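# A closer look at the structure
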Amino acid sequence: MSTDTSKSIANALIQSRSQEVQENRDHVKYIFRAICFLGRQGLALTGHDESETSANRGNLVELMEEMSKGNEKLKAKLQRRYGHYCSHQYQNDAVTLIGNALRQDIISEVKSANYFAILVDETKDVSRKEQLAILLRYISNGKVVERPIGCYHMHKLDAESLSTSICETIEKLGVDSMLCIAQCYDGASVMSGEFNGVQAKFREKVPHAVYVHCHAHRLNLVLTDCLKNISELSEFFSVVQRLYAFISCSNTRHELFVESQRISGQKVLELERTVQTRWFYAVRSISKVKARFDCIVAVLAAVSDSSNGEAACEAKGLLDKINSASFVSTLHIMEKVLVIVNCLSEQLQSGSLLIYKALALISGTYETLQKLRNDNEWNNLSKNISEFLALNDIQESKSPQSKTSARNKRSQAISIRLKAFLSNSTTGKRNISQPVESDCGKLLYFEVIDRFTSEMDQRFMQNMPLLDALSAFDPSSSNFLEISKVERVMCHYQEILGVDDHAIESQLSLAKLHLSKSDISKMDLLRAIEILSDLPVAYSAVLKLMKLVATLPVTTASNERFFSALGRVKDYLRSTMGNDRLSDLMIMAVEKEEVKKLDLDRLVNDFAKQRLCRYPLF
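Summary of the structure given here. (Residues numbered from 1 in each chain as written. Predicted model: local features only at pLDDT ≥ 70, side-chain atom pairs only at ≥ 80, totals over all residues. Heavy atoms only, no water.)

## Here we look at the sheet that holds strand S5 (residues 210-213)
Strand order in this open sheet of 5 strands is S3-S2-S1-S4-S5, and the pairing throughout is mixed. Among the strands making up the open sheet, the edge pair consists of strand S3 (143-154) and S5. Ignoring which end each strand starts from, the neighbouring axes of this sheet average 25° apart. Note: strand S2 (residues 130-140) against S3, 11 bridges, orientation antiparallel. Looking across to S3, one finds that Ala 133 is bridged to Cys 151. Contacts from helix H4 (residues 88-113) reach strand S1 (116-124), S2 and S3 within the one sheet, and its direction differs from that of S2 by about 45°. (Pairing = 2+ DSSP bridges. Helix = DSSP H or I, 4+ residues; strand = E, 2+ residues; numbered from the N terminus. Axes fitted to C-alpha atoms, helices over the stretch in contact; angles between N-to-C directions. Contact = heavy atoms within 4.5 Å.)

Put into structure tokens, the structure is as follows:
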């Protein structure tokens, strides 16, 4: 009788079982690889018809079939009735596990960073559901990052529901909400309300979490208010938008516009629409209208002579509008102003922007606009306007209101019935001479600058004392590490900092001396943190303060980028997608590089514990 245990029936069963487990694990790894690939690309997993006779069984099944070519074991698994793990139930389990793994990685980084800020924004998806996107801003590996933890369907958009959802989400992730130092939203009243808004209700639970109104939204409000208060600008942008719609939305007129550019030997440019909430579109739209003004005029002139009555009528109206000195003047004025402000707008789209840098750039933009308000700047601009008018054969009108009809003139007279209610010193028909066109352009130029600077002063320059103190954390500032300013920040966050008041002054002096050995003028706050981190015990209090300030948010631009993926992940063909699945797929679509770093063995182990499988992995 043989005593060799390697040939026993029990050992053979064990080896067979181990081989089966390993084959199942390898098979599930292929599934996770496929789901991770499709998730990164924002592609759908399931198909409408996944039967054997279907021409398109869905991206996941089709991708697995492609991967099985040359892999007989994988091919055999997929051909089984059970144990292929490609059904929608297993797909949901796998997607959930990947989303949770990404969140766990983010939360572990947040806990090691000690402080974080929340960035919240909402939008409607294709199924008209309100989706609330929550991102966390913190320091990871010496860099400021803003990463999403998901999007959540909101049934109600009142302050109580929103604040409760935010707090519950943070608590479920196992993060101490007291480590939240700031909250950044847009300027909607439900979010920014000082007494009953989300920021107020969140501060009831986290008193030191300051509210930061998204600076990009503030800047957009500057443009919006200028359009509302200056009628010439509102009319101007309406004409520019109509030019885009008239030329670009018609294939015939678009081809005519392209051909006109080619004939004149110019590079083909496409007109762009104007969007009040996006400075970038406004600047590019104006610049392209100016650069291709002659081609636009040629297209409008050609269409106005066509037999298409409706299009010809609109072309004549647009041609009359743009072939005027007032339109050309406004075109040059807005380009000069918007190009300067657009530098600030583009920088505010950065997710890693430090708040003291943003404030410095805002201040610089404000001062630059103020310097434009002088006669020399206007004279130079006026010269360019005159040259442009001469180049395009446009006559300057000496009396822009000379075409006012007699009916309009009569309407200016005060009714006899109203004279008793009016004061002769302030109202009534005034007999003043009409300004010439150049004077109107100059008045508009100064009015635009005054309105812009006034709105910027109201929305940016009058910051709270806490934000004013942030210049003390700018290495290039003369107030760098000044104790009087640092104390404002320290006092506000004393509860979570736990910094000794007596120790901070000496540490600030030593830290400033230590950093002075390097070139401070070329250093930012993150570089200063990196240098002082070599001596973490000696500069413990200073490092806490610096990391806290670096974590303060500036904009919710990262939320907007997160929402840009929403249109790809949940389109009209996937409008019935579940809320949890959508949140997980959104994170996969945005955190592409992090998905590549996931440990597949860890995911397989979690998958095995997720549900009782017909062919268990263990």
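Now, onward.
## Here's the deal with the nonpolar core
Core analysis: the largest hydrophobic core is formed by 157 residues, its most contacted members being Phe 32, Phe 452 and Met 546. Examining the composition of this core, we find that 10 residues originate from one element, helix H14 (residues 325-347), more than from any other. When sequence neighbours within four positions are dropped, the list of residues in contact with Met 546 reads Phe 473, Phe 480, Leu 481, Leu 515, Leu 525, Ala 528, Ile 529 and Leu 532. Of all hydrophobic cores here, the second largest spans 27 residues; its members include Ile 149, Met 154, Met 191 and Ala 209. (Core = buried A, V, L, I, M, F, W, Y, C linked by side-chain atoms within 4.5 Å. Buried < 20%, exposed > 50% of the residue type's maximum accessible area, 1.4 Å probe, protein only.)

## Looking at helix H16 (residues 375-391)
An α-helical turn contains 3.6 residues, so a residue and the one three or four places further along point in the same direction. Over its 17 residues, H16 extends 24 Å from the first C-alpha to the last, a length consistent with the 24 Å expected when each residue adds 1.5 Å. By the burial criterion, the buried members of H16 are Trp 378, Leu 381, Ile 385, Phe 388 and Leu 389. One face of H16 carries all of its buried residues, which in axial projection span an arc of 100°. Relative to its buried face, H16 has exposed residues pointing more than 90 degrees away, namely Asn 376, Lys 383, Ala 390 and Leu 391. You can read the cap of H16 off the contacts: a side-chain oxygen lies 3.1 Å from the backbone nitrogen of Asn 376, and it is on Asn 374. Asp 393, located one to two residues past H16, shows a positive phi value of around 55°. (Expected span 1.5 Å × (residues − 1). Arc of directions from axis to C-beta. Polar contact = N/O pair within 3.5 Å; in protein donor to acceptor, adjacent residues only side chain to side chain.)

## Some words on a nonpolar patch on the surface
Together, Val 126, Tyr 572 and Leu 573 give the surface a local cluster of nonpolar side chains, amounting to about 370 Å² of exposed area. Within the fold, Leu 573 resides in the loop between helix H25 (557-569) and helix H26 (579-590). For Leu 573, a relative accessible area of 65% gives the class exposed. (Patch = residues over 30% accessible without salt bridge, like charges linked within 9 Å, V, L, I, M, F, W, Y side chains within 5 Å. Areas by Shrake-Rupley, 256 points an atom, 1.4 Å probe, with all protein chains shown as cover. Salt bridge = Lys/Arg side-chain N within 4 Å of Asp/Glu carboxyl O.)

## Brief notes about the packing of helix H1 (residues 9-41) against H4
Here H1 crosses H4 at 70°, and the two axes come no closer than 10 Å. Between H1 and H4, the crossing angle belongs to the class labelled roughly perpendicular. Here H1 and H4 pass one another in a crossing that is right-handed. Residues Phe 32, Ile 35 and Cys 36 of H1 lie in contact with H4, whose contacting residues are Ala 94, Val 95, Leu 97 and Ile 98. (Parallel < 35°, antiparallel > 145°, perpendicular 65-115°, else oblique. Left-handed = near helix turned anticlockwise from the far one by under 90°.)

## Things to note about the pairing of strand S4 (residues 180-185)
Among the 6 residues of S4, 6 are classified as buried, and the element is accordingly described as predominantly covered. Direction of pairing for S1 relative to S4: parallel, over a ladder of 4 bridges. Opposite Ile 118, over in S4, you have Gln 183 as the bridge partner. Here 4 bridges tie S4 to S5, and the two strands are oriented parallel to one another. Residue pairing for S5: Ala 182 is matched across the bridge by Val 210.

## Structural notes on the pattern of salt bridges
Following the criterion strictly, the structure yields 27 salt bridges and no others. Where Arg 147 meets Glu 591, a salt bridge forms, and the shortest distance between an N and an O atom there is 3.1 Å. Here Glu 591 lies in the loop between H26 and helix H27 (592-596) and Arg 147 lies in strand S3, a separation of 444 residues in the sequence.

## Some remarks on the packing of H14 against helix H15 (residues 355-371)
Orientation of H14 relative to H15, taken along the N-to-C sense of each, is 180°, at an axis distance of 10 Å. Relative to H15, the element H14 is oriented roughly antiparallel. Two secondary-structure elements touch here, H14 through Val 337, Ile 340, Val 341, Cys 343, Leu 344 and Gln 347 and H15 through Leu 361, Ile 362, Thr 365, Thr 368 and Leu 369. Its residues assigned to classes, the contact of H14 with H15 comprises 8 nonpolar, 3 polar and no charged. (Nonpolar A, V, L, I, M, F, W, Y, C, P; charged D, E, K, R; others polar.)

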